[in-house]
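Structural overview for review
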Amino acid sequence: AFDLIRRAILRALESVRSLDQVRILRAFAEVILATLRTNYYCVDPAGSALEFLSFKLDSSQVPDLPKPRPFREIWVFSSRVEGIHLRMGKVARGGLRWSDRKEDFRTEVLGLMKAQNVKNTMIVPLGAKGGFVVKQLPDSGDRAAVMEEVVYCYKLFINGLLYITDNLDDENILPPANVVRRDEDDPYLVVAADKGTATFSDTANGVAQEHGFWLGDAFASGGSVGYDHKGMGITAKGAWESVKRHFRELGTDIQSQDFTVVGIGDMAGDVFGNGMLLSKHIRLQAAFNHLHIFLDPDPDAGRSFEERRRLFDLPRSSWEDYDAGLISKGGGVYSRQAKTIELSEEVKAWLGLEVDQLSPAELIQELLKAPVDLLWNGGIGTYVKAGSESHADVGDLANNPLRVNGGELRCKVVGEGGNLGLTQLGRIEYAMAGGRINTDFIDNSAGVDCSDHEVNIKILLNQVMQQGELDEKARNALLAEMTDEVADLVLRSNYLQTQAISMMEKLTGPRLGAKAHFIAMLENDGVLDRELEFLPDDDELKERRNRGLGLSRPELSVLLSYSKIELYQQLLSSDVPEDPYLSNELIGYFPKPLQQRYTEQMGQHRLKREIIATMVTNSMVNRMGASFTLRMHEDTGASPAQVAKAYTIAREVFNARELWSVIESTDNRVAAELQTRTLLMVWNLLRQATRWLLNQPAHSLDIQQQVGRLTAGVLELQHHLPEWLTADERALLDQTAAELAAGGFKPEFATRLAGLQWLVSALDIVDEATRRDLQVRQVANVYYQLGERMNLKWLRQQVESLPVDGQWHAHARGNLRDELYSQHRALTGQVLAGGGHDQDAVDAWLERHRQEASRPIEMLSDMRSLPNMDYATVSVAVRGLEQLVLATS
């Protein structure tokens, strides 16, 4: 009977075309299965007890599913548990949570999957999320009995997922037995801990191993043989990278200077507890969790740090365990169950209050609005919304009495160690009012990144074990040995993502038109839903442009993530993962011990293409910003794969990694504003160099060949650059270098940075020298002499100074720049063709073509007297040079 019903439901599922039909089908199954569970012990054909049904639903079969539409839904149903697993693609990962929202847990999981997909942009898999509800919790409420039932239901849920998931034997797909399989091969399924399942990783891995699932204990990261997130403090440390950057850009080093904090959470919690131990200069003035409110209006940084460490080290603790003798005058620990809390004079003075008492909810509202340096969210719940939102819009009923608006926050910085602490509109409101904030998926992504490294490392090492080169004991020891390096790799990503947002923030005002165009293109491609992500519409963007405003950091965070989603898929569908040079990114993903021992096996890693595409995506977007690839495509017609190759050539030829390394090593020694300025100097050079490379014939994008061909010449030109600059240019170089040195950079490096603006023409010079088999010095002599004699350097400055108002202005200016460089190079080639490569050769060429050259020379001389240059005037000048090239060729 059971089998007949299962088959009937499967057949019915094939005809499902709407969400209502899914609900009806589930209701039907629930009634039938409840009856069966009462009267029958059901056994599947394989002979094992079957206590659940599992279905995999292709979202394309249900066109009216709410957005974001998942790639697949797995539904697991039984009389004791019901759960779903949603994912955005074949290779996807995310946590499984024990949900308490029985009526709408699918809606809850859908929203979390959307957030996970954005969070996962820095790692290999796309976003996924799962959740289950327990239907028959013990009436007694006994914790041990409750947890026994929860674990049992969790195991049923995991079994249900694996029951209809393909397995692997080496490269051979093993479809599940006794299952009707309609989809293509689909063996990648990994899970992680989440709300209510933090300690369940070993349980999930045990179920996977019972199934003989190919991932083994890589199925659920963070188990006893894996990377313990709380022990590493990795999620908090990742969010702390955001916090440190915020304060560094405010001129404060929070690792050496005291600063005040209000926190959400307690020291027993992973993110809150680890976070509040990351600096000895934290002055925690207040915190709250679901039980207590902690107040310490004038804390001693050193003593309170040690007490927080003591609480963190306890097996279980609450704010009531805090040593009252260490709390400053006027502070204390108060129950949230109290009707009112008396306020001391010290607390009233700190918060600017005149009332003598408040309810716990009112006091928490005042704490959220407290005048502190940092609001650290390490808890669960949504506490900040926008003024334009209602509490119902937020969807967190329990915290309605506590919630405040983003515009009411008085803290300087918000660090989002926890999820969903603020709504996106609340973040934007706070940021537009001057607050420093990113988003939760940027700040707390380190845990996801750490899990991704664990899974991919285990896949590699399990492969090595199968080859007999490693046993389980040695593998486990190696995993432990690499813990610190894995953490460093993860935190590096947090550092670079927040740096990218700061660079984008610096440019967002002047280049808002480019970002508006990028948003529109993502919408047109169906990648982004502007309304869903709370991005401004065209009217709002126009108003901001008129007011000289750009996008806020929370909005830029969304664009950064979606640009990675788009680019990753484009590169994965290209030949980039097979490129001999870019495939080396696979090696760099892994810790050094693995690089030294198992490089050969990395080439057989099941996710090697995905890892390479992810690494290349992160490299480009973190360094060049969200809209870089689109801009290069629209300017040159190049594909994303070609842009990636050209960018890599430019990065290597100009040794940008060394420049970035030195700049980043000056954190807290050089002002953050100056660091960002120098990073943008490198960004501008790489942008122009990438464009130059894309304008060359397609065969010139052989990375290894071009790097070998161009690097030495560029280095030579860079070394001798001052010799070819005019007096005015040399004075500008010296002035810029002096400013950079005064800001804290070493003089030699400051001079190198100051010269980057003149290196845009380096590729033309070096390429011409290579083609003509001449020395770089010889070509440079002619190039710079022509630039000076014909006012070409001045004209280039005018091109760069043209105002950009929207994408078409940007295209126009870019085209003018390209044409000017092209004509300059063509004229240089004509002089060199005459057999000379010094000033006399330039003079001889100008004399020989006096009639043709006189007109553009006079025209440019006249233009120098104009008060300003516009697009039409510059176009006339560039056209005049083109006519000269044609007339003298």
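Please refer to the structure placed before this passage.
Residues numbered from 1 in each chain as written. Predicted model: local features only at pLDDT ≥ 70, side-chain atom pairs only at ≥ 80, totals over all residues. Heavy atoms only, no water.

**Concerning the overall build of the protein**
- Looking only at helices and strands, one finds 38 helices and 18 strands in the protein.
- In summary, the protein has a C-alpha radius of gyration of 31 Å against a globular reference of 29 Å for 889 residues, a match within 12%.
- Judged by the C-alpha coordinates and their principal axes, the protein covers about 105 × 70 × 55 Å.
- Buried residues in the protein amount to 58% of all 889 residues.
- A sequence separation of at least 24 residues applies to 71% of the contacts in the protein between residues at least 6 apart.
- Put simply, the protein shows about 36400 Å² of open surface, and 49% of that area lies on carbon and sulfur atoms.
- The distance from the centre of the 97 positive side-chain charges to the centre of the 124 negative ones in the protein is 1 Å. (Helix = DSSP H or I, 4+ residues; strand = E, 2+ residues; numbered from the N terminus. Rg over C-alpha atoms; globule rule 2.2 N^0.38 Å. Buried < 20%, exposed > 50% of the residue type's maximum accessible area, 1.4 Å probe, protein only. Contact = heavy atoms within 4.5 Å. Areas by Shrake-Rupley, 256 points an atom, 1.4 Å probe, with all protein chains shown as cover. Lys, Arg positive; Asp, Glu negative; His and termini not counted. Charge placed at Lys NZ, Arg CZ, Asp CG, Glu CD.)

**A look at the pattern of salt bridges**
- The full count for this structure, using the stated rule, is 69 salt bridges.
- Residue D635 is joined to R631 by a salt bridge in which the shortest nitrogen-to-oxygen separation is 2.7 Å. Taken together, the positions of D635 and R631, both in helix 25 (residues 628-636) and four residues apart, correspond to about one turn of that helix.
- Its relative accessible area of 17% is what places R631 among the buried residues.
- Taken together, the salt bridges that share partners define one network made up of R709, D764, D767, E768, R771, R772 and R825. (Salt bridge = Lys/Arg side-chain N within 4 Å of Asp/Glu carboxyl O.)

**What to know about the packing of aromatic side chains**
- Across all of its chains, the model carries 19 aromatic pairs by this definition.
- Aromatic pair W240 and W376: ring centres 5.4 Å apart, planes at 75 degrees, arrangement edge-to-face. Residue W240 is found in helix 7 (residues 234-249), and its partner W376 is found in strand 15 (residues 374-377); the two are separated by 136 residues along the sequence.
- Classification of W240 by relative accessible area gives buried; the value is 2%.
- Both rings, one in F247 and one in F259, keep their centres 5.6 Å apart while their planes meet at 50 degrees; by these two values the pair is tilted. Of this pair, F247 sits in helix 7 while F259 is found in strand 9 (residues 259-264), placing the two residues 12 residues apart along the sequence. (Phe/Tyr/Trp six-rings, centres within 6.5 Å; stacked < 30°, edge-to-face > 60°.)

**A closer look at the packing of helix 33 (residues 776-789) against helix 34 (residues 792-801)**
- Closest axis-to-axis distance for the helix 33/helix 34 pair is 5 Å, and the angle between their directions is 75 degrees. Judged by the inter-axis angle, helix 33 sits roughly perpendicular to helix 34. Each of Y783, Y784, L786, G787 and E788 in helix 33 lies in contact with helix 34, whose residues at this interface are L792, K793 and R796. (Axes fitted to C-alpha atoms, helices over the stretch in contact; angles between N-to-C directions. Parallel < 35°, antiparallel > 145°, perpendicular 65-115°, else oblique.)

**Remarks on the packing of helix 18 (residues 512-524) against helix 19 (residues 538-546)**
- Between helix 18 and helix 19, the least distance of the axes is 10 Å, while the angle of their chain directions is 170 degrees. When the axis of helix 18 is compared with that of helix 19, the two are roughly antiparallel. Within the contact between the two elements, helix 18 uses L512, G513 and A516 and helix 19 uses L541, R544 and R545.
- Residue composition of the contact of helix 18 with helix 19, by class: three nonpolar, one polar and two charged. (Nonpolar A, V, L, I, M, F, W, Y, C, P; charged D, E, K, R; others polar.)

**Section: the sheet that holds strand 15**
- Within the open sheet, the six strands sit side by side as 12-11-10-9-15-18. Their pairing is mixed. On the outer flanks of this sheet lie strand 12 (332-335) and strand 18 (413-416), each paired with one strand and no other. Taking the axes of each pair of neighbouring strands and ignoring which way they run, one obtains an average angle of 20 degrees across the sheet.
- Direction of pairing for strand 15 relative to strand 18: parallel, over a ladder of four bridges. Its bridge partner lying in strand 18, L375 is registered against V414.
- The strands touched by helix 7 within the sheet are strand 9, strand 10 (282-288), strand 15 and strand 18, with strand 15 carrying the most contacts at an inclination of about 165 degrees. (Pairing = 2+ DSSP bridges.)

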